[in-house]
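# Coordinate analysis (summary)
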Amino acid sequence: NKTISLKERPSGKPTLNNFEISEEEVPKPKDGELLLQAKYVSVDPYLRGRMRDQKSYIPPFELGKPLESGIIAEVLESNNKNFTKGEFVNGMLQWKKFQTSNGNGLNKVDRKHAPLKTYLGVLGLTGLTAYLGLEKIGKLQKGETLLVSGAAGAVGSVVGQIGKIKGCRVVGIAGSEEKIDRIQEKFGFDAAINYKTTTNINKAVAAACPNGVDVYFDNVGGEILDAALVNMNRYGRVINCGAISLYNKTETPTGPRVEPLLIKNSILMQGFIVRDFVKDFGPAQKQLAKWMEEDKLTYLETVVEGFENIPQAFIDLFDGKNKGKMIVVV
Ligand code: NDP
């Protein structure tokens, strides 16, 4: 049985040396427990935050202990009356090929409704983040302009598509020509900006959003957020969902002072953590699934093969190697 632990805390961008793969016995499930085999592992930018020794909304990973993330696993044995051998479950599980669980926090997933992997992406936390961030903070109205960064990623690609479903002008920001073509062709974005080749991102946003920006869904923070803020309309809403451009910084960079802008335009800027809205997950997932059935919502996945490649897949998120949800198939 293989396990991946945090060997040392990364400084700057994570490297493979920060992780350790070790072997252990396959555990035996006790009374009330299940034996699970990992099938699909989600790697996510927020895990970088848990690798720092700092207080946050979720405790940091401990050195020498297995890492964990959202995992779809198969029940191989069950001594728990709520689960049956052969079922699939989704939950926050350890980076181990085999592990036991008492079943707490696990949700059953049914591959008859949708491919199992989608419960880590469009029907899982990243889809829910897109939906609930827009719903709870964005309060998007028909005819408005929605700007989204990280637009070709797991969250961003769903945000943009929901914007189109709601009848908005949708503009995406992403880091390659292939990605900006893809989000327009596959997801129906009205315009897209390559932040890596654009020399003046403020002007590029202004040009792509001739009526200004009503809602900005921020997945990246930093200079792209600064550019979005100067283009916001009165009563604009900014959803601070992620700040991946800052996650590997050893010192937090400072930016322009934004308070005059926020005041002048009565802008709402609010941090968002999807796990604060667990009670809304059921209806939100139902809506996402319905849009998929109606062919209004689609998705991309980058699927990496092999349990040992989980750390590399995670590192690759910071180089933009994924299109859509990054998933490791074990
Ligand atoms: P993505 O699928 O979007 O993958 C990460 C992407 O970020 C990469 O593909 C890359 O795309 C982009 N990126 C990497 N480095 C930078 C950089 N320096 N500047 C700009 N873009 C960069 O990941 P997710 O969809 O899972 O997550 C998106 C964001 O949402 C993250 O910030 C994450 O932390 C956050 N999040 C927040 C949640 C919450 O509850 N608040 C829940 C889930 C996610 P490119 O090629 O375009 O650069």
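The chain goes by NADP-dependent oxidoreductase in an unreviewed UniProt entry, where it is assigned to Aequorivita marisscotiae.

Right, let's get into the overall build of the chain. Across its full length, the chain carries nine helices and 15 strands. Here the C-alpha atoms of the chain give a radius of gyration of 20 Å, agreeing with the 20 Å that 2.2 N^0.38 yields for 330 residues. Projecting the C-alpha coordinates of the chain onto the three principal axes gives extents of approximately 60 × 45 × 35 Å. Of the contacts formed within the chain by residues at least 6 apart in sequence, a portion of 65% connects residues at least 24 apart.

Along the chain, the position of E178 falls in helix α4 (residues 177–185). Spatially, the C-alpha atom of E178 lies 31 Å from that of E251, the residues being 73 residues apart in sequence.

With respect to topology, six strands assemble into an open sheet ordered β10-β9-β8-β11-β12-β13, the strand pairing being parallel. On the outer flanks of this sheet lie β10 (191–194) and β13 (268–271), each paired with one strand and no other. Within this sheet the neighbouring strands show an average axis-to-axis angle of 15 degrees, counted without direction. Of the pairings in the sheet, the one linking strand β12 (residues 232–240) to β13 comprises four bridges and is parallel in character. Its bridge partner being in β13, N240 is matched across the sheet by G271. The strands touched by α4 within the sheet are β9 (169–174) and β10, with β10 carrying the most contacts at an inclination of about 170 degrees.

This next bit is on the site of the ligand. Within the structure, the ligand sits among 31 residues, and G153, A154, G175, G242 and G320 are positioned closest to it. Secondary structure elements with two or more residues in the shell around the ligand: α2 (125–138) and α3 (154–165). No fewer than three residues from each of domain 1 (2–121 + 299–329) and domain 2 (125–275) sit in the shell around the ligand.

Another point: helix α8 (residues 281–293). Because an α-helix completes one turn every 3.6 residues, residues spaced three or four positions apart along the sequence face the same direction. Helix length check: α8, at 13 residues, gives a terminal C-alpha distance of 18 Å against a target of 18 Å (1.5 Å per residue), a fit within 8%. Positioned one or two residues after α8, D295 has a phi angle of 60 degrees, which is positive.

One ladder, built from five bridges, connects strand β14 (residues 301–305) with strand β15 (residues 325–329); its direction is parallel. If you follow E305 over to β15, its bridge partner there is V329. Regarding the hand of the β-α-β motif, the stretch spanning β14, helix α9 (residues 310–316) and β15 is right-handed.

Let us look at the nonpolar core. Residues V41, L147, V205, F217 and A228 are the most contacted members of the largest nonpolar core, which totals 89 residues. Take this core: its biggest share by element is seven residues, from α2. When residues of this core are assigned to domains, at least three map to each of domain 1 (2–121 + 299–329) and domain 2 (125–275). Not counting the four nearest positions on each side in its chain, V205 is found in contact with L147, I193, V213, A227, A228 and N231.

About the cut-offs
- Residues numbered from 1 in each chain as written.
- Predicted model: local features only at pLDDT ≥ 70, side-chain atom pairs only at ≥ 80, totals over all residues.
- Helix = DSSP H or I, 4+ residues; strand = E, 2+ residues; numbered from the N terminus.
- Rg over C-alpha atoms; globule rule 2.2 N^0.38 Å.
- Contact = placed C-beta atoms within 7 Å.
- Pairing = 2+ DSSP bridges.
- Axes fitted to C-alpha atoms, helices over the stretch in contact; angles between N-to-C directions.
- Near = placed C-beta within 6 Å.
- Domains from an automatic or database assignment.
- Expected span 1.5 Å × (residues − 1).
- Right-handed = clockwise from strand over helix to strand, strands pointing away.
- Core = buried A, V, L, I, M, F, W, Y, C linked by C-beta atoms within 7 Å.
- Buried ≥ 20, exposed ≤ 12 C-beta atoms within 10 Å, placed from the backbone.

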